[in-house]
Amino acid sequence: MTRQRFIFLTLAPATLVLVTLALVSTGGALWFSVMNRALRSPDSEFVGAYNYLRLLRDKRFFNALEISAIWEVVTVAGTLIVAVLLAVLVHETVKRALWRNLICFAFLAPVLLPRVAAAFIWRFLYSPSLGLANWFAGLFGIGPIEFLADPKIALLSVAVVDIWQWGLFFTVILVKLLETLPQDPIEAAMLDNARTWEIHAFVTLPMLRGPIISLALVKAVESLRSFDLIFVMTGGGPGTATETLDLYAYQSGINLGGRISYASAMSILLLVVTTVAFTFIWRAGKKWSR
Amino acid sequence: MVSLILRNLARVTLAFLVLIALTPILWTTLGAFKRLRDIVTPVPKLFFSPTLENFATILGSPTIRDGLVNSVIVVAVAVGLGAVLGIPAAHTLARHARRWGDDAQFFVLSLRFMPPVAIAIPFIVIYLDLGIYDSLGGLILVYLVTTISTVIWLAVPAFERVPREIEEAAAMEGCREAEVFWRFSLPIAAPSLFGALVFTFVLVWNELLLALTLAAQNATLPVVAASITSLGKEVPWGVINAATVVLVLPPLVFIGLLMGLINSMVRAGGPKKG
């Protein structure tokens, strides 16, 4: 077997499968979005940009767009803030390797949970009549709080679960990264009588700028996959208070009515927006982390 | 003195935070062993006479058992094929095709940008037309997007860490590319590759949306679990808790491996994720 053939034989099957599946799904979505295909009947005809034009007049679509944007910002920012603060706290207070490892194990557990399981766990905690969260709030004379039924806080309550999973996971990564930093700049800052928080704010965290930006990117991509959590916890409700774009696309395309074409148009727009946004952020992130 | 108080305050805060991190999981596990009357109490009960009823209900229910079997089959085949196709491709990308490395990496990552609905909606129609809707094979095919791309994404850095000298020495001895890969690179990279496979396993095991849309009778465990709430009039919290525990156990077994993966990535100079 020649070198060329080896390269071809190893790369071709994987590339073929991935490219085919990617082309079939994007091509399929594009094709259906200019038809008027419904889930139940195989007949359909060409309708041009009709579905897209209808989207632009759909209030529920713009609501979903707004909810998705809020979700993205809250979960990414929340995760990073929690991770940075907790990592510094662990780094400063726990010096013994054994304790540090135990804490890291504890913090890794939530992210491994299936989203469906995490959603159930927190629905149980949030339950207004028998949940631990409301019992705890009751101790302080607050409540009962309708965490998932109050449109004002429902999205935030779900975001807490996401941050619980990912913030603690990123904490572990940051704790490990803090351990690998060279000690010289930190010692120099200590000689200058810098306070602990000053050392972290001006020395260690700027040194970790690159990895933190990568983590933010990873989280931003993962936050797009919010469907499981929201679907199980609120199903998009109350009303449309927690209905993100993928949830709305699912509801209109598969659950209710099966308006495949309309949902396809929506997912094509979603695809375009995320691809453009991420290519842009990707470039900016690469430049900025240098 | 002040610093001593501050230090202890920080420790108490940290202990409290660890408690917050773990309480939800522990509380659910506890709930799985409770009878409904021990769950529906105004004041949460920490002590009660435990029961295995909930687990008996779960494992006795045919839908849940089928879901478990389907999950195991779908995940095993999808991750297996992902490894067979993805690992050799990753090795070639890392060693023989550096020119395309960056483009390939961006392509693989862009598959993760793809909203799952954008995959689910076209495929449900195509599967209905082809008559393979609600089949395990169809689900496995779609999962290959996730498994192959994740395996390549994580395995390329693993092969890059294999010392070049070993491969060059083997090539000097007259080993062909395939032999170098099979007898030297693969065993050396094996620990990191295993971590990559575990990560892929967790992703597919936890997947809900595609399974929910592309299967009906042959659903996987997350789908079955998500539908338990509508079993009866009264919400069977004990059963839900037990189902959650069953769903959580397999990924949780791998916690040590995930820790190892993080350690090796950090030591290689920052997460190579971005």
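Per an unreviewed UniProt entry, the recorded name for chain B is Carbohydrate ABC transporter membrane protein 2, CUT1 family (TC 3.A.1.1.-), and the organism is Gemmobacter aquatilis. Check the Sequence similarities (unreviewed entry) section of the UniProt entry for chain B; it says "Belongs to the binding-protein-dependent transport system permease family." UniProt lists a comment for chain B under the heading Subcellular location (unreviewed entry), and it reads "Cell membrane".

In the annotation of an unreviewed UniProt entry, chain A is listed under the name Carbohydrate ABC transporter membrane protein 1, CUT1 family (TC 3.A.1.1.-) and assigned to Gemmobacter aquatilis. Quoted verbatim from the Subcellular location (unreviewed entry) field of UniProt, the annotation for chain A is "Cell membrane". UniProt, in its Sequence similarities (unreviewed entry) section for chain A, records the words "Belongs to the binding-protein-dependent transport system permease family."

A. Quick peek at the overall build of chain B. Along chain B, the regular secondary structure elements total 13 helices and 0 strands. Its helices and strands taken in sequence order, chain B reads α-α-α-α-α-α-α-α-α-α-α-α-α from the N to the C terminus. Since a compact globule built from 274 residues should have a radius of gyration of about 19 Å, the 23 Å found for chain B marks it as more spread out than a globular shape. For chain B, the spread of C-alpha atoms along the principal axes amounts to about 75 × 75 × 30 Å. The contacts of chain B with a sequence gap of at least 6 include a subset with a gap of at least 24, amounting to 78%.

B. Representation of the overall build of chain A within the structure. When helices and strands are counted, chain A shows 13 helices and 0 strands. Along chain A, helices and strands appear, N-terminal first, in the series α-α-α-α-α-α-α-α-α-α-α-α-α. Overall, chain A is about 75 × 70 × 35 Å in size when its C-alpha atoms are taken along their principal axes. The proportion of buried residues among the 290 residues of chain A is 43%. Counted over contacts in chain A with a minimum sequence separation of 6, partners at least 24 positions apart contribute 70%.

C. Summary view of the interface of chain B and chain A. Listed as interface residues are 79 residues of chain B and, on the opposing side, 83 residues of chain A. Take the side of chain B that touches chain A: its biggest share by element is 13 residues, from helix α1 (residues 2-32) of chain B.

D. Just unusual backbone geometry, in detail. All names here are of chain B. A positive phi angle, close to 65 degrees, is found at Asp134, a residue other than glycine. For Asp134, the position within the fold is in the loop between α6 (116-130) and α7 (136-160). The exposure class of Asp134 is partly exposed, given the 15 C-beta atoms found within 10 Å.

E. Layout of the UniProt feature "transmembrane region" (unreviewed entry) in chain B. Residue and element names in this part refer to chain B. Residues annotated in UniProt with the feature "transmembrane region" (unreviewed entry) correspond here to residues 12-33, 72-94, 106-128, 140-159, 180-205 and 239-262. With 100% helix and 0% strand, residues 72-94 has end C-alpha atoms that lie 31 Å from one another. The distance separating the terminal C-alpha atoms of residues 239-262 is 35 Å; by composition the span is 92% helix and 0% strand.

F. The UniProt feature "transmembrane region" (unreviewed entry) in chain A, seen in detail. Residues and elements named next belong to chain A. With numbering matched to this structure, UniProt assigns "transmembrane region" (unreviewed entry) to residues 69-90, 102-126, 132-149, 156-177 and 262-282. Secondary structure across residues 156-177 divides into 100% helix and 0% strand, with the first and last C-alpha atoms of the span separated by 29 Å. The straight-line gap between the two end C-alpha atoms of residues 262-282 is 30 Å; of that span, 100% is helix and 0% is strand.

G. Structural detail: the nonpolar core. One finds Met266 of chain A together with Ala90, Ile152, Ala155 and Leu214 of chain B to be the most contacted residues of the largest nonpolar core, which totals 164 residues. Looking at this core, the element that brings in the most residues is helix α7 (residues 154-180) of chain A, giving 17 residues. If you count residues domain by domain, this core takes at least three from each of domain 1 (2-32) and domain 2 (62-230 + 247-267) of chain B. With residues near it in sequence (within four places) discarded, Leu214 of chain B still touches Ala120, Phe123, Ile124, Tyr127, Tyr133, Gly138, Leu139 and Val142 of chain B.

H. The arrangement of the packing of helix α4 (residues 62-95) of chain B against α7 of chain B in detail. All names here are of chain B. Contact geometry for α4 and α7: axes closest at 6 Å, N-to-C directions at 35 degrees. You can see that α4 and α7 cross each other, and the crossing is right-handed. Partitioning the contact of α4 with α7 into residue classes produces 24 nonpolar, 5 polar and 2 charged.

I. The arrangement of the confidence of the model for chain B in detail. Residue and element names in this part refer to chain B. When pLDDT is averaged across chain B, the result is 81; 92% of the residues are at 70 or more. Across residues 270-274, confidence stays below pLDDT 50; counting only partners more than four residues off in sequence or on other chains, it has 17 contacts. As a predicted assembly, this complex carries a pTM of 0.84 together with an ipTM value of 0.80.

J. Focus on the packing of helix α8 (residues 164-172) of chain B against helix α9 (residues 177-205) of chain B. All names here are of chain B. Where α8 contacts α9, the two axes come as close as 10 Å, and the packing angle between them is 160 degrees. Relative to α9, α8 is oriented roughly antiparallel. As for the relative orientation of α8 and α9, their crossing is right-handed in sense. Together, Ile166, Glu167, Ala170 and Ala171 of α8 and Val180, Phe184, Ser185 and Ile188 of α9 make up the contact between the two elements. Of the residues assigned to the contact of α8 with α9, the class counts are 6 nonpolar, 1 polar and 1 charged.

K. Spatial organisation of the domain arrangement of chain B. Segmenting chain B into domains produces domain 1 (2-32) and domain 2 (62-230 + 247-267). Put simply, the middle of domain 1 of chain B and the middle of domain 2 of chain B, counted by C-alpha atoms, are 35 Å apart.

L. Molecular detail of helix α5 (residues 115-126) of chain A. In this model, α5 of chain A (12 residues) spans 16 Å end to end at C-alpha, consistent with the 16 Å of a helix rising 1.5 Å per residue. Within α5 of chain A the residues assigned to the buried category are Arg115, Val116, Ala117, Ala118, Ala119, Phe120, Ile121, Trp122, Arg123, Phe124, Leu125 and Tyr126 of chain A.

M. Inspection of α7 of chain B at higher detail. Residues and elements named next belong to chain B. The end-to-end C-alpha distance of α7 is 35 Å, a good match for the 36 Å that 25 residues give at a rise of 1.5 Å each. Taking the largest bend as the criterion, α7 deviates by roughly 35 degrees, centred on Tyr143. Burial runs high along α7: 22 of the 25 residues are buried.

N. Main features of the environment of Val156 of chain B. Residues and elements named next belong to chain B. Positionally, Val156 belongs in helix α7. With 23 C-beta atoms packed within 10 Å, Val156 lands in the buried category. Residues Val156 and Pro187 lie 31 residues apart in sequence; the distance between their C-alpha atoms is 15 Å. Look past the residues within four positions of Val156 in its chain and what remains in contact with it is Ala90, Leu93, Ala94 and Gln105.

Conventions used here
Counting starts from 1 at the beginning of each chain's written sequence and moves along it residue by residue. Lettering for chains starts from A, numbering for ligands starts from 1, and both go in the order in which the items are written. For this predicted model, a pLDDT threshold of at least 70 governs which residues receive local features, and a threshold of 80 or more governs which side-chain atom pairs are given and counted, while totals over whole chains, interfaces and linings are taken from all residues. UniProt positions are given in the numbering used here, feature names are shortened, and annotations may be inferred rather than shown by experiment. Helix numbering and strand numbering both begin at the N terminus, where a helix is a DSSP run of H or I of at least 4 residues and a strand a DSSP run of E of at least 2. Here the globule rule reads 2.2 Å times residues to the power 0.38, and the radius of gyration is calculated from C-alpha atoms. The contact rule is simple: place each C-beta atom from the backbone, and if two of them lie within 7 Å, those residues are in contact. Residues are called buried when their C-beta atom has 20 or more other C-beta atoms within 10 Å, exposed when it has 12 or fewer, and partly exposed otherwise; all C-beta atoms are positioned from the backbone. Working definition: the nonpolar core is a set of buried Ala, Val, Leu, Ile, Met, Phe, Trp, Tyr and Cys residues, joined through C-beta atoms within 7 Å. Boundary definitions for the domains trace back to an automatic or database domain assignment. Orientation is described by axes fitted as lines to C-alpha atoms, over the contacting stretch for helices, and by angles from 0 to 180 degrees between their N-to-C directions. Two helices that cross are described as forming a left-handed crossing if the nearer one is turned anticlockwise from the farther one by less than a right angle, and a right-handed crossing if clockwise. Under the scheme applied, nonpolar residues are Ala, Val, Leu, Ile, Met, Phe, Trp, Tyr, Cys and Pro; charged residues are Asp, Glu, Lys and Arg; polar residues are all the others, including Gly. pLDDT runs from 0 to 100 and stands for how confident the predictor is about each residue. Roughly parallel covers angles under 35 degrees, roughly antiparallel covers those over 145, roughly perpendicular covers 65 to 115, and oblique covers all other angles. Take the number of residues in a helix, subtract one, and multiply by 1.5 Å to get its expected span. What the bend at a residue measures is the angle between two axes, fitted to the seven residues ending there and to the seven starting there.

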